[in-house]
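Examination of the molecular architecture
The lines below spell out each chain.
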Amino acid sequence: MFKKRVVIYPKDVVFITGRSERYAQILLHKVRVFVNKEPHQFVTISDFALFSGIPEEMIRKYII
């Protein structure tokens with residue numbers, strides 16, 4: 001069975017952007033603030049797409 005994820009992790013952001021893992025962590029923190037999430041809540045692919053302006057379909061190609 002093919003599994004799809006809805007959560008994006010720092011390593012995914014590293015792969016997409018080519019930046020460092022620390023940069024990815026900071027970026028995900030900014031996404032949480034942007035979409036008004038608590039620090040313990042996950043960042044979804046939709047949240048990241050909204051913040052970054054990268055189409056959700058393009059992000060899914062990279063992480064699935």
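Right, let's walk through the structure included here. (Residues numbered from 1 in each chain as written. Predicted model: local features only at pLDDT ≥ 70, side-chain atom pairs only at ≥ 80, totals over all residues. Heavy atoms only, no water.)

**Details of the environment of Leu28**
Worth spelling out the cut-off: Numbering of helices and strands runs from the N terminus, with a helix taken as a DSSP run of H or I at least four residues long and a strand as a DSSP run of E at least two residues long. Here's how the labels work: a residue is buried when its accessible area is under 20% of the maximum for its type, exposed when over 50%, partly exposed in between, all with a 1.4 Å probe on protein chains only. Note on definitions: a residue-residue contact is assigned when non-hydrogen atoms from the two residues lie within 4.5 Å.
In this structure, Leu28 sits in helix α2 (residues 21-34). On the basis of relative accessible area, Leu28 is assigned to the buried category, the value being 3%. Taking the C-alpha atoms as reference, Leu28 lies 10.0 Å from Pro39; in sequence the two are eleven residues apart. Filtering out sequence-adjacent residues up to four positions away, Leu28 remains in contact with Ile8, Tyr9, Pro10, Val13, Val43 and Phe48.

**A look at the packing of helix α3 (residues 45-52) against helix α4 (residues 56-63)**
Short version of the rule: The axes are straight lines fitted to the C-alpha atoms, using for helices just the contacting stretch, and the angles between their N-to-C directions are given from 0 to 180°. In this scheme, roughly parallel covers angles under 35 degrees and roughly antiparallel covers those over 145, while 65 to 115 is roughly perpendicular and the rest are oblique. Two helices cross in a left-handed way if the nearer one is turned anticlockwise from the farther one by less than a right angle. They cross in a right-handed way if the turn is clockwise. Residues are grouped as follows: Ala, Val, Leu, Ile, Met, Phe, Trp, Tyr, Cys and Pro are nonpolar; Asp, Glu, Lys and Arg are charged; all remaining types, including Gly, are polar.
At a minimum axis distance of 9 Å, the contact between α3 and α4 shows a crossing angle of 125°. Of the possible angle classes, the one that applies to α3 and α4 is oblique. When the axes of α3 and α4 are compared, the crossing they make is right-handed. Two secondary-structure elements touch here, α3 through Ile45, Ser46, Phe48, Ala49 and Ser52 and α4 through Glu56, Ile59, Arg60 and Ile63. Looking at the contact of α3 with α4 residue by residue, the classes come out as five nonpolar, two polar and two charged.

**Regarding the packing of aromatic side chains**
A ring pair, where both rings are aromatic, is described by two values, the distance of the centres and the angle of the planes. Just so we agree on the cut-off: Only Phe, Tyr and Trp rings take part, Trp by its six-membered ring, and two of them pair if their centres are within 6.5 Å. Stacked means planes under 30 degrees apart, edge-to-face means over 60, and tilted covers everything else. Any Lys NZ or Arg CZ found within 6 Å of a ring centre and within 35 degrees of that ring's normal is scored as a charge over the ring.
Counted according to the given criterion, the structure contains two aromatic pairs. Taking 5.3 Å as the distance between ring centres and 70° as the angle between the ring planes, the aromatic pair formed by Phe34 and Phe51 counts as edge-to-face. In this pair, Phe34 is assigned in helix α2 and Phe51 in helix α3, connecting sequence segments 17 residues apart. Owing to a relative accessible area of 29%, Phe51 belongs among the partly exposed residues under this scheme. Sitting over the ring of Tyr23, Arg19 keeps its end group 3.9 Å from the ring centre.

**Here we look at the pattern of salt bridges**
For the record, the criterion: Salt bridges, as used here, are contacts in which a Lys or Arg side-chain nitrogen is within 4 Å of a carboxyl oxygen on Asp or Glu.
Scanning the model with the defined rule gives four salt bridges in all. Measuring nitrogen to oxygen at the nearest pair gives 2.9 Å for the salt bridge that ties Arg60 to Glu56. With Arg60 and Glu56 both in helix α4 and four residues apart, this pair spans about one turn of that helix. Overall, the relative accessible area of 26% leaves Arg60 in the partly exposed class. Judged by relative accessible area, Glu56 falls into the partly exposed class, the value being 25%.

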